[in-house]
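An overview of the molecular structure
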Amino acid sequence: MSLLQPTEPIEIMKQKAALRALECVRPGMKLGLGTGSTARYFVDGLGQKCADGLEVVCVPTSEATRAQAAELGIVMAELGALGRLDLTVDGADEMTRDLHLLKGGGGALLREKIVAAASDAMIVIADDTKLKDHLGAFALPVEVSKFAHDATAAALHGVFAQCGLSGAIALRGGETPFETDGGHFIYDCALGKIDAPHELASALVLVPGVVEHGLFLTYATGAVLAGADSLTELGDL
Ligand code: 5RP
């Protein structure tokens with residue numbers, strides 16, 4: 001078994017961040033496995049270590065990650081059977097220096113947040129283009145129930161206005177909507193700079209029909225950001 005061999009500079013950066021986070025994994029750990037192109041390198045490296053004898057048990061945050069982990073022979077269990085996890089390693093679409101995250105570009109935000117919330121630590125892995133002064137340049141994903149999803153989208157406009165924000169709200173996938181692993185839809189909300197993310201997060205969870213949103217404000221405990229010739233660590237690793 002050998003590691004993925006990326007050739008694109010950005011992919012090499014993602015793998016570099018992932019392999020640094022892999023150094024934080026200890027035998028016997030209960031791990032959350034993130035979703036996305038960066039997390040894929042972490043799962044790939046973990047599979048290699050497991051093949052070499054590392055014993056860990058993992059909870060995947062998507063069916064895509066579950067399939068990758070299964071192919072690599074990584075031992076998995078249901079979150080409920082494990083209770084608290086020691087560590088989750090996941091990517092992000094944007095992050096700030098205070099470890100606020102915007103996630104969900106890959107559509108796995110609901111399971112990612114459930115797993116992050118059950119973890120004692122969360123290390124974010126990314127290329128350093130993801131580090132921002134403020135969240136919001138990337139459209140905020142909001143996962144909604146399919147039932148009356150357009151009415152929920154209308155309610156979102158109200159919440160954004162109440163928070164002093166505005167912008168286009170687009171159903172992901174358009175006429176053939178993207179469906180999450182949980183069977184929901186996602187609205188991508190182009191809000192621009194989000195000045196008060198806690199206020200927005202609190203307001204979003206009160207909207208009936210909103211299943212989850214992509215603001216992860218209290219979960220990350222550390223981060224590894226890879227540049228072409230640099231590796232920046234934030235928080236605790
Ligand atoms: C999936 C996510 C991903 O972590 C996020 O989209 C980053 O993905 P990538 O590593 O491919 O840039 O939140 O729901």
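Residues numbered from 1 in each chain as written. Predicted model: local features only at pLDDT ≥ 70, side-chain atom pairs only at ≥ 80, totals over all residues. Heavy atoms only, no water.

What follows is about the nonpolar core. Ranked by size, the top nonpolar core spans 27 residues in total, and within it Val25, Phe42, Leu46, Val56 and Ile125 carry the most contacts. Not counting residues up to four positions away in its chain, the partners in contact with Val25 are Leu31, Phe42, Leu46, Leu54, Val56 and Leu87. The next biggest cluster of nonpolar side chains, apart from the first, holds 25 residues, and it includes Ile169, Tyr187, Leu200 and Ala203. (Core = buried A, V, L, I, M, F, W, Y, C linked by side-chain atoms within 4.5 Å. Buried < 20%, exposed > 50% of the residue type's maximum accessible area, 1.4 Å probe, protein only. Contact = heavy atoms within 4.5 Å.)

Bringing the sheet that holds strand β5 (residues 101-102) into the picture now. The strand order β4-β5-β11 describes an open sheet built from three strands, whose pairing is antiparallel. Whereas interior strands pair on both sides, the edge strands pair on one side only; in this sheet they are β4 (94-95) and β11 (215-216). When β4 meets β5, the two strands line up antiparallel, connected through two bridges. Counted as the bridge partner of Glu94 is Leu102 from β5. (Pairing = 2+ DSSP bridges. Helix = DSSP H or I, 4+ residues; strand = E, 2+ residues; numbered from the N terminus.)

On to the pattern of salt bridges, then. Overall, the coordinates contain 13 salt bridges when judged by the stated rule. In this structure, Glu63 and Arg111 form a salt bridge, with 2.7 Å as the shortest nitrogen-oxygen distance. Highlighted residues: Glu63 in helix α3 (residues 63-71) and Arg111 in helix α5 (residues 109-117), separated in sequence by 48 residues. Assessed through its relative accessible area of 36%, Glu63 is described here as partly exposed. Under the relative-accessibility criterion, Arg111 is labelled partly exposed at 27%. (Salt bridge = Lys/Arg side-chain N within 4 Å of Asp/Glu carboxyl O.)

With that out of the way, let us pick up the pairing of strand β7 (residues 140-144). Burial of β7 is extensive: five of the five residues sit out of reach of the surface. As paired elements, β7 and strand β9 (residues 185-189) share five bridges and run antiparallel to each other. When the bridges of β9 are listed, Val142 appears paired with Tyr187. Across three bridges, β7 lies against strand β10 (residues 210-213) in antiparallel orientation. What sits directly across from Val144, in β10, is Val210.

For the rest of this paragraph, the subject is the domain arrangement of the protein. As assigned here, the protein comprises domain 1 (9-132 + 218-235) and domain 2 (140-213). Its C-alpha centre places domain 1 at a distance of 25 Å from the equivalent point of domain 2. Contact residues are listed per partner, giving 14 residues for domain 1 and 15 residues for domain 2. At the boundary of domain 1 with domain 2, total buried surface from both sides reaches about 1,100 Å², with 62% on carbon and sulfur atoms. Among the residues domain 1 hides against domain 2, the three largest losses belong to Leu109, Leu110 and Lys113. Together they make up 45% of the total. On inspection of domain 1 and its partner domain 2, the count reaches two salt bridges. The salt bridge partner of Glu212 is Lys113, with a shortest N-O separation of 2.9 Å. The interface formed by domain 1 and domain 2 includes six residue pairs in polar contact (both at pLDDT 80 or more). (Domains from an automatic or database assignment. Buried area = accessible area lost by both parts, 1.4 Å probe. Polar contact = N/O pair within 3.5 Å; in protein donor to acceptor, adjacent residues only side chain to side chain.)

On to unusual backbone geometry, then. Positive phi, close to 65 degrees, is recorded for Leu99, a residue that is not glycine. Locating Leu99 in the fold gives a position in the loop between β4 and β5. At Ala148, a position not held by glycine, the phi torsion is positive, near 50 degrees. Structurally, Ala148 can be placed in the loop between β7 and α6 (149-162). Here Ala148 falls in the partly exposed class, since its relative accessible area comes to 32%.

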